Amino acid sequence: PKAFAAACKSLPKVASQALQLVSNPIADTFWRPARQAIIEEMGAVSCVETEAGAKRPEEVLLPGQGLLLELSELVPGDLLFAATGRVFCHPASASEDRLLRKLGAQPFAAHHLCDCLTWTDDEEWVEGWIRTLWSQPGELPEAVRVTSAVYKYLASISRHEQGGPMHEGTLDIARRLPSLPIFPLLNGDCVALKDGKVFTTACSDFDCRWQDAW
């Protein structure tokens, strides 16, 4: 097992095929202890192919499920890495997916989404993900798509609170929702619930010019 791990570390071609080799079913139970020992060594090996190069299992995220799958496809890779320290990978099979989870990979979850929505600690995303999209005219379709997907996910959690199905990470979202800057305003700002009341339209009983000025 240690020799196999050493070969993976020194030979990228071997490392790139390690997951496929180890995740395959074993016909002879004689080899199961050896396979388990190899798996225990692979956690420290850069054996997962990603768009950012080979990574260790603990450095990757698996695509989410349901609405989180849609959101995981919308998160920019550089933002994800900056906010979570991980990158997405795409297992070739269900057995690889199970093996990656055993080795420390995590599925994209609510707390990862919150981390991406609140990240402002580098120059590219200093205004936040949602506001950055809405501030760039050429990104308007993507801004609408991302914001709609976020709202759809939040609505699914609201339906759970009303008796709908349970969603993983509901408590994470509920705890952090007031601080998520996900409401783009006409003046270019992007606010969170904690910033005060947010209205979808102007009040029809008053002159809109007064409300815009206020």
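Note that this is a predicted model, so its numbers are computed, not measured.

Q: Describe the overall build of the protein, listing the residues and the values that go with them.
A: Looking only at helices and strands, the protein features 11 helices and seven strands. For the protein, long-range pairs separated by at least 24 residues make up 59% of all intrachain contacts whose partners lie at least 6 apart in sequence. By element, 56% of the accessible surface of the protein is carried by carbon and sulfur atoms, the whole surface being about 13,000 Å².

Q: For the sheet that holds strand β5 (residues 106-107), give the residues involved together with the corresponding values.
A: The sheet built from three strands is open, its strands ordered β4-β3-β5 with parallel pairing. Looking at strand neighbours, the two that pair on one side only are β4 (87-88) and β5, the edges of this open sheet. Of the pairings in the sheet, the one linking strand β3 (residues 60-62) to β5 comprises two bridges and is parallel in character. Residue Leu61 lies in a different strand from β5, and its bridge partner there is Gln106.

Q: Tell me about the nonpolar core, and please be specific about residues and values.
A: Nonpolar side chains in soluble globular proteins tend to be buried together. Leu71, Phe108, Leu113, Leu117, Trp129, Tyr153 and Ile182 are the most contacted members of the largest nonpolar core, which totals 33 residues. A per-element tally of this core places helix α9 (residues 140-161) first, with seven residues. When near neighbours in sequence (up to four residues on either side) are disregarded, Leu113 contacts Leu68, Leu71, Phe108, Trp129 and Tyr153.

Q: Account for the environment of Ile38, with residues named and values stated.
A: Inspection of the secondary structure puts Ile38 in helix α3 (residues 32-42). Ile38 sits 36 residues away from Lys2 along the chain, and the two C-alpha atoms are 7.2 Å apart.

Q: Give a detailed account of the side chain of Glu96, specifying residues and quantitative values.
A: The topology assignment puts Glu96 in helix α6 (residues 94-103). Each residue touching Glu96, except ones within four places of it in the same chain, is listed here: Leu19, Gln20, Ser23 and Pro91.

Q: Can you explain a nonpolar patch on the surface? Please cite residues and give values.
A: A cluster of nonpolar side chains, contributed by Trp134, Leu140 and Val144, occupies part of the molecular surface with about 250 Å² of accessible area. Relative to the elements of secondary structure, Trp134 occurs in helix α8 (residues 129-134). For Trp134, a relative accessible area of 35% puts it in the partly exposed group.

Q: Explain the side chain of Asp97 to me, and be specific about the residues and the numbers.
A: Of note, Asp97 is situated in helix α6. Of note is the side chain of Asp97, whose polar atom sits 2.6 Å from the side chain of Arg101. Sequence-distant contacts of Asp97, defined by excluding residues within four places in its chain, comprise Leu62 and Pro91.

Q: Can you tell me about the packing of helix α5 (residues 77-84) against helix α7 (residues 110-118), naming the residues and giving the values?
A: α7 packs onto α5 with a crossing angle of 105° between their chain directions and a minimal axis gap of 9 Å. Comparing their axes, α7 and α5 come out roughly perpendicular. Of the residues in α7, those in contact with Leu79, Leu80, Ala83 and Thr84 of α5 are His112, Asp115 and Cys116.

Thresholds, definitions, all that
- Residues numbered from 1 in each chain as written.
- Predicted model: local features only at pLDDT ≥ 70, side-chain atom pairs only at ≥ 80, totals over all residues.
- Heavy atoms only, no water.
- Helix = DSSP H or I, 4+ residues; strand = E, 2+ residues; numbered from the N terminus.
- Contact = heavy atoms within 4.5 Å.
- Areas by Shrake-Rupley, 256 points an atom, 1.4 Å probe, with all protein chains shown as cover.
- Pairing = 2+ DSSP bridges.
- Core = buried A, V, L, I, M, F, W, Y, C linked by side-chain atoms within 4.5 Å.
- Buried < 20%, exposed > 50% of the residue type's maximum accessible area, 1.4 Å probe, protein only.
- Patch = residues over 30% accessible without salt bridge, like charges linked within 9 Å, V, L, I, M, F, W, Y side chains within 5 Å.
- Salt bridge = Lys/Arg side-chain N within 4 Å of Asp/Glu carboxyl O.
- Polar contact = N/O pair within 3.5 Å; in protein donor to acceptor, adjacent residues only side chain to side chain.
- Axes fitted to C-alpha atoms, helices over the stretch in contact; angles between N-to-C directions.
- Parallel < 35°, antiparallel > 145°, perpendicular 65-115°, else oblique.

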